[in-house]
Amino acid sequence: MQSNLDISNDRFLRGLPQSLNHTVTLLERQTSLWFSKQKIAQAEDLFIRYYDESRKGELKTVYAALLAQAAAEKIAIQSAITACLTAVVAAVVYLPKRAIRLTLGMLIYWLTQYHGGQHHGLPSSRDARDLIAGIINDEVIKLG
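I will try to describe carefully the structure that is included in this document. (Residues numbered from 1 in each chain as written. Predicted model: local features only at pLDDT ≥ 70, side-chain atom pairs only at ≥ 80, totals over all residues. Heavy atoms only, no water.)

Observations regarding the overall build of the protein
Along its length, the protein carries 8 helices and 0 strands. Start at the N end of the protein and walk to the C end: the helices and strands fall as α-α-α-α-α-α-α-α. Classification of the 144 residues of the protein by burial places 42% in the buried group. Across the protein, every contact between residues at least 6 apart in sequence was considered, and the portion connecting residues at least 24 apart equals 64%. Carbon and sulfur atoms make up 52% of the accessible area of the protein, which amounts to about 8,100 Å² in all. (Helix = DSSP H or I, 4+ residues; strand = E, 2+ residues; numbered from the N terminus. Buried < 20%, exposed > 50% of the residue type's maximum accessible area, 1.4 Å probe, protein only. Contact = heavy atoms within 4.5 Å. Areas by Shrake-Rupley, 256 points an atom, 1.4 Å probe, with all protein chains shown as cover.)

Quick look at the structure:
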């Protein structure tokens with residue numbers, strides 16, 4: 001039985017191998033549950049915590065598997081993940097979809113680097129939080 005979530009994101013998943021499609025759907029469900037359980041007031045803190053959970057916590061396994069599988073099959077999947085998760089997160093986080101999409105796109109890029117073994121060059125938690133806050137508040141982002 002397909003949920004409304006799966007149906008609304010079907011257009012992003014078309015053309016993906018079934019195994020990748022299944023893993024993205026699993027990530028959608030786990031992401032939705034994760035965001036629904038959080039009691040964090042500041043949106044930038046919420047996204048930083050999600051990033052941490054995706055690297056080292058309960059979401060690590062599904063992200064690592066998904067990104068490794070996409071790399072092995074030479075499929076660029078970042079935009080599909082971003083699009084699917086934007087719809088999921090927008091259902092539980094009250095921010096403009098544009099801010100959610102830009103933030104998730106950046107986080108997924110960083111997660112691709114992280115799970116691909118390229119840890120150097122990733123921003124510190126403080127810099128990541130500042131970047132996320134800048135996106136959410138639609139401000140010019142300054143680093144350093």
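Topic: helix 5 (residues 60-72)
Side chains that are three or four residues apart share a direction in an α-helix, a result of its 3.6 residues per turn. Counted at 1.5 Å a residue, the expected span for helix 5 with its 13 residues is 18 Å, and the 18 Å between its end C-alpha atoms agrees. All of the buried residues in helix 5 are Val-62, Tyr-63, Leu-66, Leu-67, Gln-69 and Ala-70. Angularly, the buried residues of helix 5 cover 160° about the axis, an arc narrow enough to put them on a single face. Along helix 5, the residues that are exposed and aim more than 90 degrees away from the buried face are Thr-61, Ala-71 and Ala-72. Lining the buried residues of helix 5 we find helix 3 (18-37), helix 4 (43-56), helix 6 (78-90) and helix 7 (97-115). Looking at the residues trailing helix 5, positive phi occurs at Lys-74, about 55°. (Expected span 1.5 Å × (residues − 1). Arc of directions from axis to C-beta.)

Let's talk about unusual backbone geometry
For Lys-74, which is not glycine, the phi dihedral falls at a positive 55°. One can find Lys-74 in the loop between helix 5 and helix 6. For Lys-74, a relative accessible area of 76% corresponds to the exposed category.

Side note on the nonpolar core
Among the nonpolar cores identified, the biggest contains 37 residues, and Phe-47, Tyr-50, Tyr-63 and Ile-77 are the most heavily contacted of them. The set of elements that each furnish at least two residues to this core consists of helix 3, helix 4, helix 5, helix 6, helix 7 and helix 8 (125-136). Per element, the largest residue contribution to this core is 8 residues, and it comes from helix 7. (Core = buried A, V, L, I, M, F, W, Y, C linked by side-chain atoms within 4.5 Å.)

Thoughts on the side chain of Thr-86
Position of Thr-86 among the secondary structure elements: in helix 6. A distance of 2.6 Å separates the side chain of Thr-86 from the backbone oxygen of Thr-82, its partner in a polar contact. With near-sequence residues (within four places) excluded, Thr-86 lies in contact with Lys-97, Ile-100, Arg-101 and Leu-104. (Polar contact = N/O pair within 3.5 Å; in protein donor to acceptor, adjacent residues only side chain to side chain.)

Some points on the pattern of salt bridges
Evaluation of the coordinates by the stated rule reveals 5 salt bridges. Of the charged contacts in the structure, one is a salt bridge between Lys-37 and Glu-58, with a shortest N-O distance of 3.6 Å. Separated by 21 residues along the polypeptide, Lys-37 in helix 3 and Glu-58 in the loop between helix 4 and helix 5 bring together distant segments of the chain. Judged by relative accessible area, which is 52%, Lys-37 ranks as exposed. A relative accessible area of 48% places Glu-58 in the partly exposed class. For Asp-138, the salt bridge identified is with Arg-98, shortest N-O distance 3.9 Å. Of the two residues, Asp-138 is situated in the segment after helix 8 and Arg-98 in helix 7; the sequence distance between them amounts to 40 residues. According to the relative accessible area criterion, Arg-98 is partly exposed, its value standing at 49%. (Salt bridge = Lys/Arg side-chain N within 4 Å of Asp/Glu carboxyl O.)

Notes on the environment of His-115
Checked against the element boundaries, His-115 lands in helix 7. According to the relative accessible area criterion, His-115 is partly exposed, its value standing at 23%. For His-115 and Ala-64, which are 51 residues apart along the polypeptide, the C-alpha to C-alpha distance reads 5.8 Å.

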